Amino acid sequence: MSMRERFSSAIRSCRKSERQPEQTQRPEEKRGLTRRSLVKTLAAAPILGGLLPVAARAAGGDGAQYEVDGISGATPKDFEYTAIGDLDGELSKGHIGDLELSRMILGGNMMGGWAHSRDLIYVSDLMQNYNTERKIFETLRLAELAGINTLLTNPVQIEVINKYWKEEGGAIQFISDCGGATLREGVERSVDGGAQGCFTHGGMADTLADRGDTDTIGEAVELIREYGVPAGIGAHKLETLKACVDAGITPDFWMKTYHDYGDGYLCEDPQAVRDFMATREEPWIAFKVLGAGVIHPNAGFRHAFEGGADFICVGMFDFQIVEDVNIACSVLNGDLNRSRPWRA
């Protein structure tokens, strides 16, 4: 049985950490992450739930510390841990403007608890209880160690991202979907929160395009550019992208769903998406490449890169990161049947 299949028996609910507001910090102000020292620390450490072995401050506040046992307790003894020491590849990178991105980007929906879960009604609660603030920090740290240098998520998570930069010395980049009451509000909040790239929220852009209001999308793209960061257009519907092109709006990158599971869930016609992207020179970040959890990464990653995607955005639990990086490296370094030139 694979690690993914044993997930349901491995997770135990844990209390959410209380999040306190932190002063917004720009990426250039944060101290760098020392990859070598962190690899040394984590190489033999299993990453699962809230069980990362860490030096935790003892009760009483006298400065004494004790070592938390990351193996004991309710976690099954036969669970197959995937630690940073199992990493056997290095992710290649590409560029959107001056921004260098790993070919696989960490998606933030699962950390926020609003991941697509099809008909399962408990998933959001499960994810919010699993992804405590400390667990998010551990996930971001492991992603960086594994070569993922970018997180793509919603402005709601700005507070925890800034806290990670400030208190944990993290250096992961942040691309925002600019979700909010309005696109303008989302853009301004994202840039103020340190986003190094922004794009129009897919659901909001779809709604605007359905109404024939591509002007608001275009205004958001121009506002992002005024702030000096790459500006993208996100969408679930291919018609949204086509409407923007017809309106003369050319973003710095596209953010479009892409998978071929067959039920049309968030990607109604993958071949049409592939054909459209073949005509575009702008970089493309493909998301929902695993069809909200129903496609194995071996198939989903290959389908996305062979379909022309320059980057893939993938939501991952911490214990899936190394495995997924290894799969992505294997796909990227293998024989890809790719007709669209790399645009990044």
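For the structure, check the block above.
Now for a look at the structure at hand. Everything numeric here is computed off the predicted structure, so don't read it as measured data.

Topic: helix α10 (residues 238-246)
Think of an α-helix as turning once every 3.6 residues; residues three or four places apart then point the same way. Those residues of α10 that fall on the buried side of the exposure criterion are L238, T240, L241 and C244. Down the axis of α10, the buried set is contained in an arc of 160°. They therefore lie on one face. The exposed set on the far side of α10, more than 90 degrees from its buried face, consists of E239 and D246. Contacts made by the buried residues of α10 are with α8 (202-210), α9 (214-226), β9 (231-235), β10 (253-257) and α11 (270-278). Of the residues one or two after α10, G248 is the one with positive phi, at around 80°.

Focus: the environment of R118
Inspection of the secondary structure puts R118 in the loop between α3 (109-112) and α4 (123-130). Under the relative-accessibility criterion, R118 is labelled partly exposed at 28%. Taking the C-alpha atoms as reference, R118 lies 9.8 Å from V294; in sequence the two are 176 residues apart. Every residue in contact with R118, bar those within four places of it in the chain, is listed here: Y261, D263, Y265, G291, A292 and V294.

Thoughts on the pairing of β10
Most of β10 is tucked away, with 5 of its 5 residues classed as buried. Covered by surrounding structure in β10 are F253, M255 and T257 together with W254 and K256, the residues of both alternating faces. Taken together, β9, α10 and β10 form a β-α-β motif whose crossover is right-handed. Relative to strand β11 (residues 284-287), β10 is paired through 4 bridges, and the arrangement is parallel. If you follow W254 over to β11, its bridge partner there is W284.

Examining the sheet that holds β9
What the 8 strands build is a closed barrel, ordered β5-β6-β7-β8-β9-β10-β11-β12; its pairing is parallel. Ignoring strand direction, the axes of neighbouring strands in this sheet form an average angle of 30°. Pairing geometry for strand β5 (residues 104-107) and strand β6 (residues 150-153), over 2 bridges, is parallel. Along β6, the bridge assignment pairs L106 with L151.

Details of the nonpolar core
Membership of the largest hydrophobic core comes to 69 residues, with the highest contact counts inside it found for M104, I148 and F301. The contact partners of F301, leaving out residues within four places of it in the chain, are M104, V289, L290, I312, V314, D324, I327, A328 and V331. Ranked by size, the runner-up nonpolar core spans 13 residues in total, among them L99, L101, I285 and C313.

Considering the packing of α10 against α11
Contact pair α10 / α11: the axes reach a minimum separation of 10 Å and the direction vectors enclose 25°. Between α10 and α11, the angle falls in the class roughly parallel. Where α10 crosses over α11, the two elements pack in a sense that is left-handed. Residue-level inspection shows L238, L241, K242 and V245 of α10 in contact with α11, the latter providing A272, V273, F276 and M277.

Quick look at the packing of aromatic side chains
Following the criterion strictly, the structure yields 7 aromatic pairs and no others. Relative to F276, the ring of W254 lies with its centre 6.1 Å away and its plane at 75°, an arrangement referred to as edge-to-face. With W254 in strand β10 and F276 in helix α11, this residue pair connects regions lying 22 residues apart in the sequence. The class for W254 is buried, based on a relative accessible area of 0%. You can call F276 buried: its relative accessible area is 10%. Between the aromatic rings of F317 and F319, the centroid separation amounts to 5.8 Å while the plane-to-plane angle is 0°, which identifies the pairing as stacked. Judged by its relative accessible area of 6%, F317 is buried. Three or more aromatic residues joined by ring pairs form one cluster here, namely Y130, F317 and F319. The ring of F311 carries the charged tip of R103 above its face, separated from the ring centre by 5.3 Å. One Lys or Arg, R338, reaches over the ring of W342 and ends 3.6 Å from the middle of that ring.

Procedures and definitions
Residues numbered from 1 in each chain as written. Predicted model: local features only at pLDDT ≥ 70, side-chain atom pairs only at ≥ 80, totals over all residues. Heavy atoms only, no water. Buried < 20%, exposed > 50% of the residue type's maximum accessible area, 1.4 Å probe, protein only. Helix = DSSP H or I, 4+ residues; strand = E, 2+ residues; numbered from the N terminus. Arc of directions from axis to C-beta. Contact = heavy atoms within 4.5 Å. Right-handed = clockwise from strand over helix to strand, strands pointing away. Pairing = 2+ DSSP bridges. Axes fitted to C-alpha atoms, helices over the stretch in contact; angles between N-to-C directions. Core = buried A, V, L, I, M, F, W, Y, C linked by side-chain atoms within 4.5 Å. Parallel < 35°, antiparallel > 145°, perpendicular 65-115°, else oblique. Left-handed = near helix turned anticlockwise from the far one by under 90°. Phe/Tyr/Trp six-rings, centres within 6.5 Å; stacked < 30°, edge-to-face > 60°. Lys NZ or Arg CZ within 6 Å of the ring centre and 35° of its normal.

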